[in-house]
Amino acid sequence: MAPVTAFRRTWSELLRNPLDHWGFALWRVALVAGLGALVGLFVGHVWWGVVAALAIELARHLAHLHDFEDWLRRRNRRDPPDAGGLWGDVVSLVSRLHRRKQFHKQRILRLFRELRRSTASMPDGVIALNAAREILWFNRKAGELLGLRRKTDFGIHLASLLRVPEFARYLDKGEFGSSLRIHPRIGDPTCLEFQGAPYGDGQLFLLVRDVTRQEHLETMRKDFVANASHELRSPLTVIAGYLETLALDGDMPADIRAPIIEMRRQAERMTAIVSDLLELSRLEATDEQVIGQPIDVGALLAILKKDLAARGGAAHQVDIRIESPEGLMGDPGLIQSAFWNLADNAAKYTPAGGAIVLRWWVDDLGGHFSVSDTGPGISAEHLPRLTERFYRVDPGRARDTGGSGLGLAIVRHVLQRHGGELRIESVEGRGSTFSCHFLPLRLVHEPVAMPSDSRYSSSQQV
Amino acid sequence: MTESGDLSQHISRRFNEDLDRVRSQVLNMGGFVEQQLAKAVTALVEGDSTLGETVARDDFQVNRMEVSIDEECSRILATRAPAASDLRLIVAIIKAITDLERMGDECEKIGHIASRLAAQERPADKYREIKHLGRVVQNMVHDSLDAFARMDPEAALRVARQDRLVDEEYEAIQRQSITFMMEDPRAIRRVIDVMWVVRALERIGDHAKNICEYVVFMVHGKDIRHVRLEDVETELARRNGGS
């Protein structure tokens, strides 16, 4: 149907406008044929004349076609052929299409180049990975930070080039809620922070930042705390020693005696803070999980009960409930320090006559240790900040209890090193429960023989 | 040029994925060995006995990785019957993991010695030579694995050439140690331990060189073991020029 209608339209246009290009071409063929016939009439061969004339016309068309084809083939280097009439129409149509395409191509190219230049100037590295975690693309900064090469490294598994085990684990785990800090070259101070952002169909955008400076500052801060505490310890020992001697001196006038006893108490508190700071900085020094050894939790709780009775201050009803025979795999010193901190806290804040329950039980989720007391409880707004260093629910009370303000921070760090978690529940006026949760793989099912380690014997630090 | 492109032109996509997976497992293992090496050297140089023990204890993970990759390779050989460059890849992987496992063993040895030496007095030079040799060997291992990941024979040859540097360093430390022992016979025990560490590092360098040779074998299909490196280079240059 279509060619017929097209032909009809052409024909009607031809009749309406006999001098446009199609019309002109057709009239021209007719004219050439007529001229050929006329010349043929003179020579005596009419049809030969027509044929010769049409052949010349065909040759002219072929020549235009050749020009046109030649231009199409090399259109980027040549100007369009200069042909009039129908061929000129075709050439101008095609060259207009070509120009439009060229324009779009240029625009996309410009956009792309702009994008590449802008990502290259980004201060952070960006890497795009496909679902198999192979490199699709990366910007200049990422190449510099990770030593990637533009020509060869596309399509290579990123974890094959950045072979830090933690990094492979981070990519495999597929949880990109948090960032990851690693040292890409071991022994090199360079520290990089990675943050994944999944997109599309399993692909991943990976942002890379050089955090060597921050890391350095943090190390310096930690070192400073550790060194300062260490340096403070020796003068404190001397001061506390003399104060102790003075406090025991019976000849001391009564008006000096009271301040000296108070000074001695505060010096002891300072010693406790310094030793807690030291312990905390030791704990912070590494994130590595503790392997440790089997711990008999039942025996440990019995020691805690004895220590609670010996600590002095208000008297409490202390109960131990050991509901499972399983032991715990961990560092005995650290675990005891954490459990003691919780038990000591409970004793500190529970008024005389109150009850403290130490409980150990095992279920499908793992092992759990909890300390419950019938103290005043903690209001909900304090709970999230309770494990921060030196955080006080009631700043006025701190002086009475003599705590360092670091106990819960230590507990939290000890549990982190054991893959565990601290949970706090509290009802104001009714009491609080601090519980430590350990994963099932931390449990020991055989009966545990308690090693006669001195660390078990007493946990009270002086 | 290289035939690494061939890897991606396979009829069977699953096969390709198998190969890619086993290759990234090898590099995973390599990353772990690199970490073990760095930890072992740090443990010795800084006198950290706990770190030394950790390195010695974690060696079982290297062995476990070797066994699992080995099984995977056997499975691929049995079920897919690879040919040409794929076969070379599998053969190279089987050889490379043996070398990586040996490197792990050497690291374990260094870890043991480090935890033993930590209890003793550290020498005046603070193991400067070991630190230096350790860094050279660590770089060699790192670069050889990079060459393996990129299938880059030129880089592999560059790394293989460094092995001579390690050997020279080894000789130098040996001579120096003999002087130490003659000067102070009480230090003999310690210096012998240190010699074991240096020896282990030198062996690790050799294993890294082996891995580089497998890279050349994998890409060019040419076995360059026991051949002088200069000859290999001229041969490869001739080939690249010819093709």
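Residues numbered from 1 in each chain as written. Chains lettered and ligands numbered in written order. Predicted model: local features only at pLDDT ≥ 70, side-chain atom pairs only at ≥ 80, totals over all residues.

**A short note on the overall build of chain A**
In step 1: Along the backbone of chain A there are 14 helices and 13 strands.
In step 2: Split into buried and exposed, the 462 residues of chain A put 23% on the buried side.
In step 3: Sequence-distant contacts in chain A: of pairs separated by 6 or more residues, those separated by 24 or more amount to 56%. (Helix = DSSP H or I, 4+ residues; strand = E, 2+ residues; numbered from the N terminus. Buried ≥ 20, exposed ≤ 12 C-beta atoms within 10 Å, placed from the backbone. Contact = placed C-beta atoms within 7 Å.)

**Observations concerning the overall build of chain B**
In step 1: When you go through chain B residue by residue, the secondary structure sums to seven helices and zero strands.
In step 2: The secondary structure elements of chain B, listed N-terminal to C-terminal, are α-α-α-α-α-α-α.
In step 3: By residue count, 42% of the 243 residues in chain B fall in the buried class.
In step 4: Within chain B, contacts between residues separated by at least 24 positions form 81% of all contacts whose residues are at least 6 apart in sequence.

**Overview of the sheet that holds strand 4 (residues 192–199) of chain A**
Residues and elements named next belong to chain A.
In step 1: The five strands lie next to each other as 2-1-5-4-3, forming an open sheet whose pairing is antiparallel. With one partner strand each, in any of the chains shown, strand 2 (135–138) and strand 3 (180–182) form the two edges of the open sheet. Between one strand axis and the next, the sheet turns by 25° as a mean value, whatever way the strands run.
In step 2: Sheet topology note: the strand 1 (residues 125–129)/strand 5 (residues 203–210) ladder contains five bridges and is antiparallel. Bridge pairing in strand 5 links A128 to F205.
In step 3: Set on the sheet, helix 7 (residues 165–173) makes contact with strand 3 and strand 4; between it and strand 3 the angle comes to about 160°. (Pairing = 2+ DSSP bridges. Axes fitted to C-alpha atoms, helices over the stretch in contact; angles between N-to-C directions.)

**Brief notes about the interface of chain A and chain B**
In step 1: Counting residues at the interface gives 13 residues for chain A, matched by 17 residues for chain B.
In step 2: Sorting the residues of the side of chain A that touches chain B by element identifies helix 6 (158–161) and helix 7 of chain A as the ones contributing at least two each.
In step 3: The dominant element in the side of chain A that touches chain B, judged by the number of residues it contributes, is helix 6 of chain A, at three residues.
In step 4: Per-class residue counts for the side of chain A that touches chain B are seven nonpolar, four polar and two charged. (Nonpolar A, V, L, I, M, F, W, Y, C, P; charged D, E, K, R; others polar.)

**Brief notes about the sheet that holds strand 13 (residues 443–444) of chain A**
The strands making up a sheet associate through backbone hydrogen bonding, with each pair oriented either parallel or antiparallel.
Residues and elements named next belong to chain A.
In step 1: A sheet is described by the order of its strands in space; here three strands give the open sequence 6-8-13, paired in antiparallel fashion. In the strand order of this sheet, the two ends are held by strand 6 (293–295) and strand 13, each with one partner.
In step 2: As paired strands, strand 8 (residues 327–330) and strand 13 are joined by two bridges and run antiparallel to one another. Each residue of the ladder has a partner; that of L328, found in strand 13, is L443.

**Concerning the environment of A:M329**
All names here are of chain A.
In step 1: Looking at the element boundaries, M329 is found in strand 8.
In step 2: As for M329 and V444, which are separated by 115 residues in sequence, their C-alpha atoms are 6.3 Å apart.
In step 3: Those residues within four positions of M329 in sequence are excluded, and the remaining contacts are G292, P294, R442 and V444.

**Description of the confidence of the model for chain B**
All names here are of chain B.
In step 1: When the pLDDT values of chain B are averaged, the result is 86; 93% of them are 70 or greater.
In step 2: Between residues 1–5, whose pLDDT stays under 50, and residues either more than four places distant or in other chains, the model counts six contacts.
In step 3: Scoring of the predicted complex yields 0.68 for pTM and 0.78 for ipTM. (pLDDT = per-residue confidence, 0-100.)

**Let's talk about unusual backbone geometry**
All names here are of chain B.
In step 1: We note that A81 has phi near 45°; this positive angle belongs to a residue other than glycine.
In step 2: Along the chain, A81 turns up in the loop between helix 2 (49–80) and helix 3 (84–117).
In step 3: A positive phi angle, near 55°, is found at M151, a position not held by glycine.
In step 4: Mapped onto the fold, M151 is located in the loop between helix 4 (128–150) and helix 5 (153–183).
In step 5: A residue is classified by how many C-beta atoms lie within 10 Å of it, and M151, with 22 of them, is buried.

**Quick notes on the packing of helix 4 of chain B against helix 5 of chain B**
All names here are of chain B.
In step 1: At a minimum axis separation of 9 Å, helix 4 and helix 5 run at an interaxial angle of 165°. Considered as vectors, helix 4 and helix 5 are oriented roughly antiparallel to each other. Helix 5 is crossed by helix 4, and the crossing has left-handed handedness. Residues E129, L133, V136, V137, M140, D143, S144, D146, A147 and R150 of helix 4 touch helix 5, and the partners they reach there are A155, A156, V159, Q162, L165, V166, E169 and I173.
In step 2: Its residues placed into classes, the contact of helix 4 with helix 5 shows eleven nonpolar, two polar and five charged. (Parallel < 35°, antiparallel > 145°, perpendicular 65-115°, else oblique. Left-handed = near helix turned anticlockwise from the far one by under 90°.)

**Digging into the pairing of strand 1 of chain A**
A regular strand places its side chains so that they alternate between the two faces of the sheet.
All names here are of chain A.
In step 1: Here strand 1 shows a buried face lined by G125, I127 and L129 and an unburied face lined by V126 and A128.
In step 2: Bridge count for strand 1 against strand 2 is three bridges, and the pairing is antiparallel. Paired with L129 across the strands is I135, a residue of strand 2.
In step 3: If you look at the hairpin formed by strand 1 and strand 2, you'll find five residues sitting between the two strands, and R133 has a positive phi there, around 65°.

**Structural notes on helix 2 of chain B**
Residue and element names in this part refer to chain B.
In step 1: Helix length check: helix 2, at 32 residues, gives a terminal C-alpha distance of 47 Å against a target of 46 Å (1.5 Å per residue), a fit within 8%.
In step 2: Of all the bends in helix 2, the largest measures some 30° and sits at R57.
In step 3: Along helix 2, the positions that sit buried rather than exposed are L51, G52, V55, A56, D59, V62, M65, I69, C73 and I76.
In step 4: Among the structural elements, helix 1 (13–46) and helix 3 are those in contact with the buried residues of helix 2.
In step 5: Just past helix 2, the residue A81 takes up positive phi, approximately 45°. (Expected span 1.5 Å × (residues − 1). Bend = angle between axes of the 7 residues up to and from the residue.)

**Concerning the pairing of strand 8 of chain A**
Residues and elements named next belong to chain A.
In step 1: Side chains G327 and M329 of strand 8 all project onto a buried face; the interleaved residues L328 and G330 project onto the opposite face, where all are buried too.
In step 2: Note that strand 6 and strand 8 share three bridges and pair antiparallel. Bridging across to strand 8, Q293 finds its partner in G330.

**Overview of the nonpolar core**
All names here are of chain B.
In step 1: Counting 87 residues, the largest nonpolar core has L44, I93 and V215 as its most contacted members.
In step 2: Sorting elements by how many residues they give to this core places helix 6 (residues 188–220) first, with 15 residues.
In step 3: When neighbours within four sequence positions are excluded, L44 is seen to be in contact with I110, I113, A114, L117, Y127, I130 and V197. (Core = buried A, V, L, I, M, F, W, Y, C linked by C-beta atoms within 7 Å.)

**Observations concerning helix 5 of chain B**
Turn by turn, an α-helix covers 3.6 residues, leaving residues three or four places apart pointing in a common direction.
In step 1: The terminal C-alpha atoms of helix 5 of chain B, which comprises 31 residues, lie 46 Å apart, in line with the 45 Å expected from a rise of 1.5 Å per residue.
In step 2: Of all the positions in helix 5 of chain B, only B:P153, B:A156, B:V159, B:A160, B:D163, B:V166, B:E169 and B:I173 are classed as buried.

**Some points on the confidence of the model for chain A**
In step 1: Confidence in the prediction for chain A averages 84 pLDDT; 90% of positions are at 70 or higher.
In step 2: Confidence drops under a pLDDT of 50 for residues 452–462 of chain A, and excluding neighbours within four residues, the segment shows 17 contacts in the predicted structure.

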